[in-house]
Amino acid sequence: MKCENGCRFGIMGGSFNPIHYGHLVLAEQIRTQFHLDMVYFVPVGDHPHKKNTILADKLSRYEMVVMATMTNPHFQVSRMEIDNAGISYTVDTIKEFRKNIGDEDTLYFITGADAIIDIESWKSFRELLGLCHFIGATRPTVNDSYLKDKVNDIVTKYDANIHLTTVPALAISSTDIRNRVKNNMSIRYLLPESVESYIYKKGLYKDG
Ligand code: ATP
Ligand code: MG
């Protein structure tokens, strides 16, 4: 993809187990606020922090993300992490993206703001902070003065590019959706219909 003055690419990682409207609203709001040309959804393969939750097989999670993002021309899905055997770290994924884009293009890693305050525990975080911008989303209702102070510390300490922003709060999580499926409760309107049908058709999240 070519853009005047370089492209602005968003990267949104997640287990997407399953993808839901919280993810989609977050990505779309940030895409428009930050004038991103494209947002790449990157479903994780084997998640380093989520060894204990039931993770649907990676192909199913990938297919659900493809279905959910199909109608948005500014959303694409990357197989990068699911095609990697073993654990993928953000720093490796970002480096891989950098290889495939131009020098004048900018990468924005999109995540919940609470993840960013732990960034010093991520693999090669100093290198990572030099490779991309970070966009941390908070919910409008959250008292985020602690978050802001912590992010300011990180920005000053490492000369990092971190932007905090608010998006409309959607109290939807994949954990809640999985519990609902397991307990035969409705998941309608929490995620796209195509994803809902796929979950039932493949019998995902029924046990566990
Ligand atoms: P789980 O309940 O299994 O932890 P999740 O719903 O939190 O799943 P993830 O795949 O862990 O989803 O999240 C991927 C990204 O989406 C993270 O950056 C997370 O902060 C963000 N996110 C998840 N749910 C929401 C939501 N309801 N609103 C805004 N952002 C969200
Ligand atoms: Mg989560």
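Overview of the structure. Just so it is clear, the structure is predicted and the values come from calculations on it, not from any experiment.

1. Some points on the overall build of the protein
Now for step 1: A count of helical and extended segments in the protein gives eight helices and six strands.
Now for step 2: Secondary structure elements in the protein, listed N-terminal to C-terminal, are β-α-β-α-β-α-β-α-α-β-α-β-α-α.
Now for step 3: Scaling as 2.2 N^0.38, a compact globule of 208 residues should have a C-alpha radius of gyration of about 17 Å, and the protein matches this with 17 Å.
Now for step 4: Per-residue burial for the protein yields a buried fraction of 47% across its 208 residues.
Now for step 5: Within the protein, residue pairs in contact and separated by at least 24 positions form 76% of the contacts whose partners lie at least 6 positions apart.

2. Remarks on the packing of helix α2 (residues 58-69) against helix α8 (residues 193-202)
The angle between the axes and the distance between the axes are what describe a pair of packed helices.
Now for step 1: Between α2 and α8, the least distance of the axes is 9 Å, while the angle of their chain directions is 155 degrees. On the basis of the axis angle, α2 is roughly antiparallel to α8. Relative to α8, α2 is oriented so that their crossing is right-handed. Together, L59, S60, E63, M64, M67 and A68 of α2 and S194, V195, Y198, I199 and K202 of α8 make up the contact between the two elements.

3. Regarding the packing of aromatic side chains
Now for step 1: Under the criterion given, the structure shown has nine aromatic pairs.
Now for step 2: Aromatic rings pair up to connect F9, Y40 and F97 into one cluster.
Now for step 3: Geometry around Y62 places R79 over its ring, the cationic atom sitting 4.8 Å from the centre.

4. Quick word on the nonpolar core
Now for step 1: Ranked by size, the top nonpolar core spans 35 residues in total, and within it M12, I19, I30, V39, F41, M64 and I199 carry the most contacts.
Now for step 2: Going through the elements one at a time, α1 (21-33), β2 (38-43), α2, β3 (75-77), β4 (106-112), β5 (133-138), α7 (174-182) and α8 are the ones with two or more residues in this core.
Now for step 3: In this structure I19 touches L24, F41, M64, V65, A68, L191 and V195, once residues within four positions along its chain are discounted.
Now for step 4: Counting 29 residues, the second largest nonpolar core, distinct from the first, contains I116, C132, V151 and I154.

5. Thoughts on helix α6 (residues 145-158)
Now for step 1: Between its first and last C-alpha atoms α6 spans 20 Å; for 14 residues at 1.5 Å apiece the expected length is 20 Å, and the two agree.
Now for step 2: Every buried residue of α6 is accounted for by L147, V151, I154 and Y158. For α6, the angular spread of the buried residues around the axis is 60 degrees, confining them to a single face. Along α6, the residues that are exposed and aim more than 90 degrees away from the buried face are Y146, T156 and K157.
Now for step 3: Just past α6, the residue D159 takes up positive phi, approximately 55 degrees.

6. Thoughts on α7
Now for step 1: The complete set of buried residues in α7 reads S174, I177, R178 and V181. All buried residues of α7 lie within an arc of 100 degrees about the axis, which places them on one face of the element.
Now for step 2: Buried residues belonging to α7 abut α1 and α8.
Now for step 3: Backbone geometry just downstream of α7 places N184 in the positive-phi region, at approximately 55 degrees.

7. Digging into the pattern of salt bridges
Between side chains of opposite charge, a pair can form when the charged atoms approach closely.
Now for step 1: Within the structure shown, the criterion is met by eight salt bridges.
Now for step 2: Between R79 and D83 there is a salt bridge whose closest N-O contact spans 3.1 Å.
Now for step 3: R79 gets classed as partly exposed once you look at its relative accessible area, which sits at 34%.
Now for step 4: Linking R180 and D176 is a salt bridge whose minimum nitrogen-to-oxygen distance equals 3.0 Å. One end of the pair, R180, and the other, D176, are both in helix α7, four residues apart, so they sit about a helical turn from each other.
Now for step 5: Overall, the relative accessible area of 25% leaves R180 in the partly exposed class.
Now for step 6: Using a relative accessible area of 30% as the deciding quantity, one classes D176 as partly exposed.
Now for step 7: Each member of the salt-bridge network shares a partner with another, and the members are E120, K150 and K157.

Rules and cut-offs
Residues numbered from 1 in each chain as written. Chains lettered and ligands numbered in written order. Predicted model: local features only at pLDDT ≥ 70, side-chain atom pairs only at ≥ 80, totals over all residues. Heavy atoms only, no water. Helix = DSSP H or I, 4+ residues; strand = E, 2+ residues; numbered from the N terminus. Rg over C-alpha atoms; globule rule 2.2 N^0.38 Å. Buried < 20%, exposed > 50% of the residue type's maximum accessible area, 1.4 Å probe, protein only. Contact = heavy atoms within 4.5 Å. Axes fitted to C-alpha atoms, helices over the stretch in contact; angles between N-to-C directions. Parallel < 35°, antiparallel > 145°, perpendicular 65-115°, else oblique. Left-handed = near helix turned anticlockwise from the far one by under 90°. Phe/Tyr/Trp six-rings, centres within 6.5 Å; stacked < 30°, edge-to-face > 60°. Lys NZ or Arg CZ within 6 Å of the ring centre and 35° of its normal. Core = buried A, V, L, I, M, F, W, Y, C linked by side-chain atoms within 4.5 Å. Expected span 1.5 Å × (residues − 1). Arc of directions from axis to C-beta. Salt bridge = Lys/Arg side-chain N within 4 Å of Asp/Glu carboxyl O.

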